[in-house]
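Breakdown of the fold
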Amino acid sequence: MARKPLIAGNWKMHLTVAQGVELAEQLAPVADAYSDREVMVAPPFTALHAVTAAVKGSKLHVGSQNVCWEKQGAFTGEISPVMLQDLHVGMAIIGHSERRQIFGESDEMINKRVLGALEHGLVPVFCIGETLEEREADKTFTVLEQQITDGLQGVNEKQMESVVIAYEPVWAIGTGKTATKEQAQEVHAFIRQLLEEKMNKNVAKRVRILYGGSVKPENVDALMAQPDIDGALVGGAALQFESFSRIIKFT
Ligand code: PGA
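One structure accompanies this document, and this report is about it. (Residues numbered from 1 in each chain as written. Predicted model: local features only at pLDDT ≥ 70, side-chain atom pairs only at ≥ 80, totals over all residues. Heavy atoms only, no water.)

To continue, consider the pairing of strand E8 (residues 231-234). Side chains Gly231 and Leu233 of E8 all project onto a buried face; the interleaved residues Ala232 and Val234 project onto the opposite face, where all are buried too. By the bridge criterion, four bridges tie strand E1 (residues 6-10) to E8 in an arrangement that is parallel. Bridged to Ala8 within E8 is Leu233. The sheet contact formed by strand E7 (residues 208-212) and E8 spans two bridges and is parallel. Paired with Gly212 across the two strands is Leu233, which belongs to E8. The handedness of the E7 to E8 crossover, carried by helix H11 (residues 217-224), is right-handed. (Buried < 20%, exposed > 50% of the residue type's maximum accessible area, 1.4 Å probe, protein only. Helix = DSSP H or I, 4+ residues; strand = E, 2+ residues; numbered from the N terminus. Pairing = 2+ DSSP bridges. Right-handed = clockwise from strand over helix to strand, strands pointing away.)

This brings us to the sheet that holds E1. What the eight strands build is a closed barrel, ordered E1-E2-E3-E4-E5-E6-E7-E8; its pairing is parallel. Neighbour-to-neighbour, the strand axes of this sheet turn through a mean angle of 25°, independent of strand direction. (Axes fitted to C-alpha atoms, helices over the stretch in contact; angles between N-to-C directions.)

Glycine aside, the phi torsion of most residues is negative, and most peptide linkages are trans. Despite not being glycine, Leu15 has its phi angle at roughly 80°, a positive value. Along the chain, Leu15 turns up in the loop between E1 and helix H1 (17-32). Residue Leu15 is classed as partly exposed on the basis of its relative accessible area of 24%. Not every positive phi belongs to a glycine, and Ser214 is a case in point at roughly 55°.

So, on to the packing of helix H7 (residues 140-151) against helix H9 (residues 181-198). At a minimum axis distance of 11 Å, the contact between H7 and H9 shows a crossing angle of 45°. Accordingly, the angle class assigned to the pair H7 and H9 is oblique. In this structure, H7 meets H9 at a crossing whose hand is right-handed. Across from Thr140, Phe141, Leu144, Glu145, Ile148 and Thr149 in H7, the residues of H9 making contact are Glu186, Val187, Phe190, Ile191, Leu194 and Lys198. Looking at side-chain class alone, the contact of H7 with H9 contains seven nonpolar, two polar and three charged residues. (Parallel < 35°, antiparallel > 145°, perpendicular 65-115°, else oblique. Left-handed = near helix turned anticlockwise from the far one by under 90°. Contact = heavy atoms within 4.5 Å. Nonpolar A, V, L, I, M, F, W, Y, C, P; charged D, E, K, R; others polar.)

A word on the packing of aromatic side chains. Scanning the entire structure with this criterion turns up two aromatic pairs. On the basis of an interplanar angle of 50° and a centroid distance of 4.5 Å, the ring pair of Phe141 and Phe190 is categorised as tilted. Of the two residues, Phe141 sits in helix H7 while Phe190 sits in helix H9, which places them 49 residues apart along the sequence. Lying across the ring of Phe250, Arg37 places its NZ or CZ 4.0 Å from the centre. (Phe/Tyr/Trp six-rings, centres within 6.5 Å; stacked < 30°, edge-to-face > 60°. Lys NZ or Arg CZ within 6 Å of the ring centre and 35° of its normal.)

What follows deals with the pairing of strand E6 (residues 164-167). Along E6, one buried face is formed by Val164 and Ala166 and the opposite face, lined by Ile165 and Tyr167, is buried too. Note: strand E5 (residues 123-128) against E6, four bridges, orientation parallel. If you follow Val125 over to E6, its bridge partner there is Val164.

Time to look at the pattern of salt bridges. Considering all chains together, one arrives at 16 salt bridges under this definition. For Arg208, the salt bridge is made with Glu38, and the minimal N-O distance between the two is 2.6 Å. Of the two residues, Arg208 is situated in strand E7 and Glu38 in strand E2 (residues 38-42); the sequence distance between them amounts to 170 residues. Neither residue differs from the other here; Arg208 and Glu38 are each classed as buried. Members of the salt-bridge network, linked through shared partners, are Arg3, Arg192, Asp228 and Asp230. (Salt bridge = Lys/Arg side-chain N within 4 Å of Asp/Glu carboxyl O.)

Glancing now at the state of the cysteines. One pass over the structure, following the stated rule, counts zero disulfides. Not engaged in a disulfide, the cysteine Cys68 finds its nearest cysteine sulfur in Cys127; these two sulfurs lie 17 Å apart. (Disulfide = S-S within 2.5 Å.)

See the structure below:
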């Protein structure tokens, strides 16, 4: 079964409810026009409810930017997978580098989030990536292997088929510096090989691996032409209709 590309927009801490609804309403018909690709937007929590309501009946997926592993309880500042299900949110970004770097989320915590999401039927968009320092010290593959091993611990082969991996080199996020298509492809092929070794060939063939980090209308086509790049996780360029719709329409 061929992997269906996923173009995901991470709105981060941007857009009011009205702005988010307007953008999602513009994007819904673009997403609906394609059967060979999926589109997701991840609004801030404040806009999740309104955005899911605004795109009801469309193929545009709505995701969250994080998710807790517990259903409910004393977890101030967290959002439960059950609450997300209640809103018909089907995907959750987990382990974004901003969560790891600014808010100190560990591989262990990220692993709990992944398992919690899977347990509640949410598709985890599990993010990994090396820093510039790690790349320059030739540690890229070691770091990624560690993040995958720790972050996906306890995920079984069946569950793994629904996990989406997003490779986002930290040095390329919001910096305008994209990994070259060759650099990205090299890492994506490495991740797929690792999945084959850790799980099996079938899982490796089915798991979607997105690239993220300064994806723009100008570079999306070249990135998407790589055999192991199955989509994009887009930050800055996902905030405007013109740029994100062009990214969705990659050729
Ligand atoms: P960027 O962000 O496209 O603005 O580089 C990507 C991300 O952080 O997911």
